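Overview (structure and organization)
Residue-level listing of the chains:
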Amino acid sequence: MKKVICLLQLLLLPLACIEARAENEEPLVVSVGDVSMSIDAQRGGKIMSLKYKEQEVISQLRWPESFGSTFWTSPQKEWNWPPVPEFDKQPYTVEQHDGRIMLTSQKSERLGFRIGKEFAVDEKTGSIVITYSIKNESDDVRQVAPWEITRVPNEGIIFFDAPVEAITPQGLMDFKAGHGVAWYQTDEAPANRKVNADGKGWLAYANNGLLLVKTFDDLQTEQPAPDEAEVQVYVNRGKTYIELESQGAYTTLQPGEKLSWTVGWHLLPFSGEAQPSEALVKKVKEVTGK
C-alpha cells in the first residue's frame, strides 16, 4: 500500500513525494487494472518489477546487470562495457505532468546525451506506455538509436515475427518456425548467446501463465544502428536470465535535438503451457492489432 500511496502523492504533491522518496528510496508505482510496474529513480531509473496481480514476470536476481529493465543508447560499440553509469545506475530526477511520471538522467559527459523516460497508462488497452527520449547536449552532430533491455527468468518461451532463417548468427539459439512466427524455448548452455532479427514491431515472452508483449516501431532493414537490430535476444550462461531487447531507428541529432521512441508494455494471463501455439499468437494479434 505504501508504494501506491507514493504514486498518489506524486500526482497531487510531486515535490513532497520526491523528497520522501529520495530519503527512503521507495520506488514509484504505475498501475493499470491488475498490472503494476515499479520504477526506482535512484537506481538508474530502472523498472524493477512488473506484476499481474501478485505474480512477477521480470528477473529479480541481484547481481549486477541481471535484473529489471533498463535503457541504453545504441550502437553498443560507442561505449562497449560496462553500461554508461549516468543512464544505467545513477539517480534520475522525477517530475509529474498531467498524470505522467517523467524521469531525466544526468548528462553523460562521455557521450553528450541525456536520457528521458516518461511513464503513462492506456486505460483502453490496459497497457503501460513508456516514451524514451535521447537528447544531444554535445556541440557535435551525433547519431544514436534507442535501446530497451528487459531481463526475465530463463524459463518459458520467447517469440516474434521473423523468418527463422534470417535470425543471426544462424544456429546459435534453437529457434523454430510455427504458426507464422519464430519461437525459442528457453534452454541452458555454458556460454552467453545473442541473436539479432528484423521483427515486425513486437516481441513476446510467455512463462508461468503470463504473457508479456512489448510493442514498438517496426523498422525497415536499413534503420537499425550499425551491427544492431530491431529485435535481439540475449541468453546468459547457465540457467540464470534472458534479455528481451528492442531498438528504434538510428537517428542523426543536431546539437540540442532529441529523438523520442515509445514502447507499449502489455501483461496478461493465458491458459495452457508455455509452448508454441496458435492461441498465444492470437493473443499477440489481439494486443498488437496485426
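That block above? That's the structure.
Presented here is an overview of the structure given in this document.

Counting its secondary structure elements, the protein contains four helices and 20 strands. Over its C-alpha atoms the protein spans a radius of gyration of 18 Å, differing by no more than 12% from the 19 Å that the globule rule assigns to 290 residues. Across its three principal directions, the C-alpha atoms of the protein cover 50 × 45 × 35 Å. Put simply, the protein has 290 residues, and 52% of those count as buried. Relative to all contacts within the protein whose residues are 6 or more apart in sequence, the contacts with residues 24 or more apart total 65%. Carbon together with sulfur atoms contributes 50% to the accessible area of the protein, which is approximately 13,000 Å² in total. Placing the 31 positive and 41 negative side-chain charges of the protein at their respective mean positions leaves the two points 2 Å apart.

Turning to the sheet that holds strand S9 (residues 127-136), a few remarks are in order. Reading across from one edge, S6-S7-S8-S9-S20-S16-S15-S11-S13-S12 is the order of the 10 strands in this open sheet, with antiparallel pairing throughout. On the outer flanks of this sheet lie strand S6 (93-97) and strand S12 (175-178), each paired with one strand and no other. With strand direction ignored, the average angle separating the axes of adjacent strands in the sheet is 20 degrees. Sheet topology note: the S12/strand S13 (residues 181-185) ladder contains four bridges and is antiparallel. When the sheet's bridge partners are listed, alanine 177 is paired in S13 with alanine 182. On top of the sheet, helix H4 (residues 278-288) reaches strand S11 (157-160), S13, strand S15 (202-207), strand S16 (210-215) and strand S20 (258-269); it is set at about 40 degrees to S16, its chief contact.

With the rule as written, the count across this model stands at 12 aromatic pairs. One Lys or Arg, arginine 62, reaches over the ring of phenylalanine 67 and ends 4.8 Å from the middle of that ring.

Scoring rules and cut-offs
- Residues numbered from 1 in each chain as written.
- Predicted model: local features only at pLDDT ≥ 70, side-chain atom pairs only at ≥ 80, totals over all residues.
- Heavy atoms only, no water.
- Helix = DSSP H or I, 4+ residues; strand = E, 2+ residues; numbered from the N terminus.
- Rg over C-alpha atoms; globule rule 2.2 N^0.38 Å.
- Buried < 20%, exposed > 50% of the residue type's maximum accessible area, 1.4 Å probe, protein only.
- Contact = heavy atoms within 4.5 Å.
- Areas by Shrake-Rupley, 256 points an atom, 1.4 Å probe, with all protein chains shown as cover.
- Lys, Arg positive; Asp, Glu negative; His and termini not counted.
- Charge placed at Lys NZ, Arg CZ, Asp CG, Glu CD.
- Pairing = 2+ DSSP bridges.
- Axes fitted to C-alpha atoms, helices over the stretch in contact; angles between N-to-C directions.
- Phe/Tyr/Trp six-rings, centres within 6.5 Å; stacked < 30°, edge-to-face > 60°.
- Lys NZ or Arg CZ within 6 Å of the ring centre and 35° of its normal.

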